[in-house]
Amino acid sequence: MKFTSVAAVASLAAAASAAPSTPETFGLVAIRSGDAVQYSGFNAAKGSLFAGLPKQNATCEGTDDGFATFYIKDGGLYLYGTDETQQFYVDRSGMGQGKIGYTTGDSSSAPRNGELTGWSIDKNNHLVFDGSSPIACPNSIDGAYSIWASAGVANPAGNSDCVGIAARVEKSDSPVACTYSS
Ligand SMILES: *[C@@H]1O[C@H](CO)[C@@H](O)[C@H](O)[C@H]1NC(C)=O
């Protein structure tokens, strides 16, 4: 009996992995209890990552719901799109100070110190880079928060009042493919 059920599970798993692979897509929500950024959804625009942006102005197959849709592949973080590949990088150098940006079309256009891999979802269902949660800095464009990777700088790039957040992963069941502004 035991053998049979194990075999059944194994063949189910084989069937699942043989199916055409739609990536597991997700949105992100900022978690920082007691701060105004709490529950702000993540957006992608102008080659950067934000939370609480009123309009991200993406070009979508369907309606832009205003929030970015992501997936992880081989440790890289991507925006779910149509044809162009938009991939995130993290620049933790002295220049970048934890800058999170994304390239459009060709990841080799990332900055020289841009790291393309190191993303994962931790056991608390939070997106982390190299095991660390991001930080959010207020007063970015259109009143949004800019999102930075932890690089040992509390207030990167001349920002102030930045706070550590968790980026909670919210699975998206019917993702809309978009090209985000570069
Ligand atoms: C989106 O478009 C509106 C209207 O043109 C503009 O005010 C806003 O700044 C744009 N936002 C971004 C992130 O490009």
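Look up: the structure comes first, before these words.
All values reported here derive from a predicted model rather than from experimental measurement.

Basis of the calculations
- Residues numbered from 1 in each chain as written.
- Predicted model: local features only at pLDDT ≥ 70, side-chain atom pairs only at ≥ 80, totals over all residues.
- Heavy atoms only, no water.
- Near = heavy atom within 4 Å.
- Polar contact = N/O pair within 3.5 Å; in protein donor to acceptor, adjacent residues only side chain to side chain.
- Areas by Shrake-Rupley, 256 points an atom, 1.4 Å probe, with all protein chains shown as cover.
- Nonpolar A, V, L, I, M, F, W, Y, C, P; charged D, E, K, R; others polar.
- Salt bridge = Lys/Arg side-chain N within 4 Å of Asp/Glu carboxyl O.
- Helix = DSSP H or I, 4+ residues; strand = E, 2+ residues; numbered from the N terminus.
- Buried < 20%, exposed > 50% of the residue type's maximum accessible area, 1.4 Å probe, protein only.
- Pairing = 2+ DSSP bridges.

Student: Account for the site of the ligand, naming residues and giving values.
Tutor: In the vicinity of the ligand, the contacting residues are Ala 45, Lys 46, Leu 53, Lys 55, Asn 57, Ile 141 and Asp 142. Within the backbone of Lys 55, a nitrogen or oxygen atom sits 3.3 Å from a nitrogen atom of the ligand. A total of 360 Å² of accessible area belongs to the ligand in isolation, and the protein chains cover 55% of it. Here the shell around the ligand is composed, by residue class, of three nonpolar, one polar and three charged.

Student: Give a description of the pattern of salt bridges that names residues and reports values.
Tutor: Tallied over the full model, the rule gives four salt bridges. Between Lys 171 and Glu 24 there is a salt bridge, and its shortest N-O distance comes to 3.8 Å. Taken together, the residues Lys 171 in strand β15 (residues 166-171) and Glu 24 in the loop between α1 (2-18) and β1 (26-31) connect sequence positions 147 residues apart. Of the two residues, Lys 171 and Glu 24, both sit in the exposed class.

Student: For the pairing of strand β11 (residues 126-129), give the residues involved together with the corresponding values.
Tutor: On a regular strand, each side chain points to the face opposite its neighbour's, so the side chains alternate between the two faces of the sheet. Along β11, one buried face is formed by His 126 and Val 128 and the opposite face, lined by Leu 127 and Phe 129, is buried too. Pairing analysis gives three bridges linking strand β10 (residues 119-121) to β11, with the strands arranged antiparallel. Its bridge partner being in β11, Trp 119 is matched across the sheet by Phe 129. What sits between β10 and β11 in their antiparallel hairpin is a turn of four residues, with Asn 125 showing a positive phi close to 70 degrees. Sheet topology places β11 next to β15; two bridges connect them, and they run antiparallel. Within β15, the residue paired with His 126 across the bridge is Arg 168.

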